[in-house]
Structure formats: C-alpha cells, structure tokens
Amino acid sequence: MSSTSWRSIIGLEATRLGPSLYAAMSVALVASENRARGLLHSKYPHLRPLLVRSELREYLESELLPSGWQVGGNPGLMGQVLLKNPELAVTLRILKERRKAYPQGVPPAGRNPARRREWQAPLPAMEAAVTTEVELLLLWDYAKGVDKTSFTLRIVHTTEAGIYGKAVECDLDLEVVAGGTIFET
C-alpha cells in the first residue's frame, strides 16, 4: 500500500475505532481518577497515566471491538496496551502525550533498540503491506483547561526515534473525535 492508501486505511480504521476508543477512555479516566483520589497529581504525575492504561485494558478486554481488532501487549511492562489488527498488520501503541516535555506531544522512542526501529520505520509499500507490520501511536492527553476526565485522542506515525525535548517528526497525524470521525493534520 502506498503512503496515500495507508492514510486512507488508517483513516477508515480510526473512524471505525473512534466510538469504542472514546467510550473506553471515558471510563478509564473516571476510574483512574477515582482510584487516585487523595493523591496529588503534582506529587505523583506518573500515577494517573499508569492507572489509565490499566483501566483502559480492563475495559477493552471486556468490550467488543470493531471486527479485526484485538487487545494486545504485555500489561506487566508498565501497563502496555496495544490494539492490533492482524489482517491489516497494524498495531496501535497507546501512550500518553507529553506536551510539556516534547513540542507537539509525541514522545521519543527512548533507548530501546526495537522501539527506535519502530519509530523510524516508514509506511511500507503496497507489495509489503501484509508482511510488514505498521506500528502507529495512539496518543491521549487531558484536554487543556478542562477537568481530568476530558481528553484528546490522535493517531500518529513517526519517522524518527526523536530526542528528548524536541519535536518528533511524523508523516501522519489524525485527530480522532468522539463520533468516530477524524481530522488530519
């Protein structure tokens, strides 16, 4: 699949996943906020994102996802949550944006060699579509100026591993909205 057709396929899948993702994130944010009650976010900034991933996994495992999608990842690895579509060879890695640390919010790959390779992998050509896994980031963040239960979701494809404190280059950036539609930037 060419980059253009990947954009179309990812856009269609984001539209199909949007309602499920919004329901899951809504439940996960409220549940994580309830679990963290009494612990200051300023003192424990890492706690809520970890709880959100845990609650998100629990919700997604108990609900029906759109056809072809399944929950993956190893929850023992900092609550890792992946959404996988084996037919399309697409994986969405769910991560929290960090706009304070990284311009545009996309976190860099870090030092893990496998993760660095994934962050730098180009979208495969049409001939390699089924045999080459495409990894995308599904990024969530708290909505600016709103309570801790409002959020944003977007799907990005990175083209570099990135460096701490600098924007990570992306060749795809889709904002997923509640009704399942997308906005591309």
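None of the values given here were measured: they were computed from a predicted structure. (Residues numbered from 1 in each chain as written. Predicted model: local features only at pLDDT ≥ 70, side-chain atom pairs only at ≥ 80, totals over all residues. Heavy atoms only, no water.)

Could you clarify how one ought to interpret the overall build of the protein chain in this entry?
Within the protein chain, the secondary structure is distributed over three helices and seven strands. Across the protein chain, helices and strands are ordered from the amino to the carboxyl terminus as α-α-β-β-β-α-β-β-β-β. The buried share among the 185 residues of the protein chain stands at 46%. Nonlocal contacts in the protein chain, meaning residues at least 24 apart in sequence, comprise 55% of its contacts between residues at least 6 apart. Accessible area of the protein chain: about 9,600 Å², with a carbon and sulfur share of 56%. (Helix = DSSP H or I, 4+ residues; strand = E, 2+ residues; numbered from the N terminus. Buried < 20%, exposed > 50% of the residue type's maximum accessible area, 1.4 Å probe, protein only. Contact = heavy atoms within 4.5 Å. Areas by Shrake-Rupley, 256 points an atom, 1.4 Å probe, with all protein chains shown as cover.)

Can you help me understand the layout of surface pockets in this one?
Sizing a probe to match a water molecule and rolling it over the atoms shows the empty space that remains. Put simply, the largest pocket is a space of about 1,100 Å³. Ranked by residues supplied to the lining of the largest pocket, first place goes to strand 3 (residues 90–96) with four residues. Residue classes in the lining of the largest pocket are distributed as 15 nonpolar, five polar and 12 charged. (1 Å grid on protein atoms, 1.4 Å probe; cavity = no way out; pocket = protein on both sides within 12 Å on 5 of 7 lines; lining within 4 Å. Points joined across faces, edges and corners; volume = space filled by probe spheres on them. Nonpolar A, V, L, I, M, F, W, Y, C, P; charged D, E, K, R; others polar.)

Honestly, the packing of aromatic side chains in this entry has me stumped. Any pointers?
Aromatic ring pairs are reported here in terms of the distance separating the ring centres and the angle at which the planes meet. One pass over the full model with this rule turns up two aromatic pairs. Ring geometry for tryptophan 140 and tyrosine 142: centres 5.2 Å apart, planes at 85 degrees, overall edge-to-face. Residue classification places tryptophan 140 among the buried positions, given a relative accessible area of 2%. One residue, lysine 96, lies across the ring of tryptophan 140, its end atom 5.4 Å from the ring centre. (Phe/Tyr/Trp six-rings, centres within 6.5 Å; stacked < 30°, edge-to-face > 60°. Lys NZ or Arg CZ within 6 Å of the ring centre and 35° of its normal.)

How should I be thinking about unusual backbone geometry in this particular structure?
The phi angle of most residues is negative, glycine excepted, and most peptide bonds adopt the trans form. The phi angle at methionine 78 is positive, at roughly 55 degrees, despite the residue not being glycine. Residue classification places methionine 78 among the exposed positions, given a relative accessible area of 57%. Phi angles above zero are rare outside glycine, and alanine 89 is one such case at about 60 degrees. With respect to the element layout, alanine 89 can be found in the loop between strand 2 (82–85) and strand 3.

What's the story with the pattern of salt bridges in this structure? I'm lost.
Between side chains of opposite charge, a pair can form as their charged atoms come close. This structure, assessed with the given rule, holds eight salt bridges. In this structure, glutamate 55 and arginine 35 form a salt bridge, with 2.3 Å as the shortest nitrogen-oxygen distance. With a gap of 20 residues between them, glutamate 55 in helix 2 (residues 47–62) and arginine 35 in helix 1 (residues 3–35) connect regions that are remote in the sequence. Residue glutamate 55 is classed as buried on the basis of its relative accessible area of 13%. With relative accessibility at 59%, the residue arginine 35 sits in the exposed group. Linked by salt bridges that have partners in common, Glu97, Arg154 and Asp173 make up one network. (Salt bridge = Lys/Arg side-chain N within 4 Å of Asp/Glu carboxyl O.)

Just to check I follow, could you spell out the environment of leucine 174 for this structure?
With respect to the secondary-structure elements, leucine 174 resides in strand 6 (residues 170–176). C-alpha separation for the pair leucine 174 and histidine 157, spaced 17 residues apart in sequence, amounts to 9.3 Å.

Teacher, can you tell me more about the side chain of arginine 93 here?
Mapped onto the fold, arginine 93 is located in strand 3. Residue class for arginine 93 comes out buried when judged on its relative accessible area of 14%. Of the polar contacts made by the side chain of arginine 93, one reaches the side chain of glutamate 135; its length is 2.6 Å. In contact with arginine 93, not counting residues within four places along its chain, are Gln80, Val81, Leu82, Arg115, Trp119, Glu135, Leu136, Leu137 and Leu138. (Polar contact = N/O pair within 3.5 Å; in protein donor to acceptor, adjacent residues only side chain to side chain.)

Would you mind showing me how to read the side chain of arginine 48 here?
Relative to the elements of secondary structure, arginine 48 occurs in helix 2. Classification of arginine 48 as buried rests on a relative accessible area of 5%. A polar side-chain atom of arginine 48 sits 2.9 Å from a polar atom in the side chain of glutamate 33.

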